[in-house]
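Report on the structure
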Amino acid sequence: MTTKHFRIAAIIAVLLQFGAPGLASAASPGKGVEIGAKFPDRFPVIGNFYLGKPVIGFGSDIGGVEHVPVIFLHGNNDSPFATACNPFGRIQAFAQFFLDHGYHLSELWGLGYQGDQCDLAQDNTHRSGISHTTAAAVPLLREFVQAVLDFTGAKRVDIVAHSLGVTVAREWMLQDNAYRKVRALVAIDGPNHGIIDCSPSPANIFQLASGGGFTPSSAVCDEYGSDHTQLLTVLNAAGETPGPTRYLVIRNKPGTPDFVYNSLADGVLPGVPAEDRDGNPHDFTASAGLAGAETLDLVGQGQFDAVLATAHLGILNSPDTRNAALRFLTSLRGRADQEGGD
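For the structure given in this document, a descriptive report is provided here. Small disclaimer: the values here were computed from a predicted structure and weren't measured.

**Thoughts on the environment of Leu111**
Assignment of secondary structure puts Leu111 in strand 5 (residues 108-112). For Leu111, a relative accessible area of 1% corresponds to the buried category. Along the sequence, Leu111 and Asp41 sit 70 residues apart, while their C-alpha atoms lie 16 Å from each other. In contact with Leu111, not counting residues within four places along its chain, are Val55, Ile56, Phe72, Leu73, His74, Pro80, Leu140, Leu141 and Phe144.

**Side note on the nonpolar core**
In terms of nonpolar packing, the biggest core is built from 58 residues, with Ile71, Leu73, Leu141, Phe144, Val157, Ile159 and Trp172 touching the most fellow members. Counting 29 residues, the second-largest nonpolar core is a separate cluster that includes Leu99, Val186, Ile188 and Leu326.

**Structural notes on the sheet that holds strand 8 (residues 246-252)**
If you trace the 7 strands from one edge of the open sheet to the other, you get 3-5-4-6-7-8-9, paired in mixed fashion. Single-partner strands in this sheet number two, and they are strand 3 (56-58) and strand 9 (294-298). Along the sheet, successive strands turn relative to each other by an average axial angle of 15°, direction set aside. Note that strand 6 (residues 157-162) and strand 7 (residues 182-188) share 6 bridges and pair parallel. Directly across from Val157, in strand 7, lies its bridge partner Val182. Along the sheet face, helix 3 (residues 134-152) touches strand 4 (70-73), strand 5 and strand 6 and points at about 155° away from the line of strand 5. Of the strands in this sheet, strand 4, strand 6, strand 7, strand 8 and strand 9 are in contact with helix 8 (residues 319-331), which crosses strand 8 at around 170°.

**What to know about the side chain of His162**
In this fold, His162 is placed in strand 6. Judged by relative accessible area, His162 falls into the buried class, the value being 3%. The contact partners of His162, leaving out residues within four places of it in the chain, are Leu73, His74, Gly75, Ile188, His312, Ile315 and Leu316.

**Things to note about the state of the cysteines**
All told, the structure shown has 2 disulfides when counted by the stated rule. In this model Cys198 forms its disulfide with Cys221; the gap between the sulfur atoms is 2.0 Å. Residues Cys198 and Cys221 are joined by a disulfide whose S-S torsion is about -85°; by sign, that bridge is left-handed. Of this pair, Cys198 sits in the loop between strand 7 and helix 5 (219-224) while Cys221 sits in helix 5, placing them 23 residues apart in sequence. Taken in sequence order, the bonded cysteines of the protein chain link in the pattern 1-2, 3-4.

**Section: the pattern of salt bridges**
Inspection of the entire model under this criterion finds 4 salt bridges. Between Asp222 and Arg277 there is a salt bridge; the shortest N-O distance is 3.1 Å. Residue Asp222 is found in helix 5, and its partner Arg277 is found in the loop between strand 8 and strand 9; the two are separated by 55 residues along the sequence. The class for Asp222 is partly exposed, based on a relative accessible area of 45%. Arg277 sits in the partly exposed class, given a relative accessible area of 21%. In this structure, Arg251 engages Asp297 in a salt bridge whose closest nitrogen and oxygen atoms are separated by 2.5 Å. Taken together, the positions of Arg251 in strand 8 and Asp297 in strand 9 put the pair 46 residues apart, joining distant regions of the chain. For Arg251, a relative accessible area of 14% gives the class buried.

**A short note on helix 2 (residues 91-100)**
Among the 10 residues that make up helix 2, 9 are buried, leaving the element largely enclosed by the rest of the structure. Along helix 2, the positions that sit buried rather than exposed are Ile91, Ala93, Phe94, Ala95, Gln96, Phe97, Phe98, Leu99 and Asp100.

**Things to note about unusual backbone geometry**
The omega angle of the peptide bond from Gly243 to Pro244 is 5°, so this bond is cis rather than trans. Its location among the elements puts Pro244 in the loop between helix 6 (230-237) and strand 8. Phi is positive for Gln117, close to 75°, though the residue is something other than glycine. Relative to the helices and strands, Gln117 is located in the loop between strand 5 and helix 3. You can call Gln117 buried: its relative accessible area is 3%. The backbone of Ala309 sits at a positive phi, close to 60°, despite the residue not being glycine. Considering the arrangement of structural elements, one finds Ala309 in the loop between strand 9 and helix 7 (311-317).

Basis of the calculations
- Residues numbered from 1 in each chain as written.
- Predicted model: local features only at pLDDT ≥ 70, side-chain atom pairs only at ≥ 80, totals over all residues.
- Heavy atoms only, no water.
- Helix = DSSP H or I, 4+ residues; strand = E, 2+ residues; numbered from the N terminus.
- Buried < 20%, exposed > 50% of the residue type's maximum accessible area, 1.4 Å probe, protein only.
- Contact = heavy atoms within 4.5 Å.
- Core = buried A, V, L, I, M, F, W, Y, C linked by side-chain atoms within 4.5 Å.
- Pairing = 2+ DSSP bridges.
- Axes fitted to C-alpha atoms, helices over the stretch in contact; angles between N-to-C directions.
- Disulfide = S-S within 2.5 Å.
- Salt bridge = Lys/Arg side-chain N within 4 Å of Asp/Glu carboxyl O.

Set out below in structure tokens:
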């Protein structure tokens, strides 16, 4: 491996170790109420089989339940809040934005379906391994959604998801025919039609162990290495936006930098070949789209990734993204205690 590749591998290691970097908390100075980093005492304990410990996340029993409760799902190699091994966890700041704009603590919930990321210190290729797959996350999300519904007394939830969290939510909804349980899904830059990072080309730096081990045969690439993997074929054949769930896609505009879908350099990260896991040329630039969804295309989102200037991570921290998600959810009809379809 050349010196250049060692340098790039080091950058990727930093990126994948630290997850989605971002801005300071969006909390308003005068409000003094913050999203926590734990569940209420009476909330059920949900075990993560692969990690051998309970899931982490946030939620509260403080305040009423007037809005439809919102579940926040982070992406791959991230956590719902900062941990000892992942100091970012910016999905918590997204929930804080909702708290600062009219939601109650009891209406905002986050699930850490990959734990605190500390297991990656022992084997960095876990980032692309089975514990980081959709297959591993769906049972956790299933149990978590039901626990939130039971705890809050709500009949349905909204979901705000970033990256892998988008397809985790979609796959659970498909498996359980749970569309009446989910009033709306805000899908932020999700891998709905595959990712560019699984190419067998030597120029694909994500294949390196320091880059997460995203080889064509890795578990995550088995799910997302092309637009026709078994997972994505079944998921998208069922219809990309089944009702009565409402959908908002927020993505980096196709053709602009995004290291998960585009071969262009994204911030400090160089581009990788536009190939699928079989080595076939493929255009993944529109992967985050969902047919039939209201869609917001953004540009210049790398400015909101304060460490690596990448658009894929920056879009989660963007004020445009947070404002659009809040407007979309608060514009929808129906109360928390109503069944889906209203």
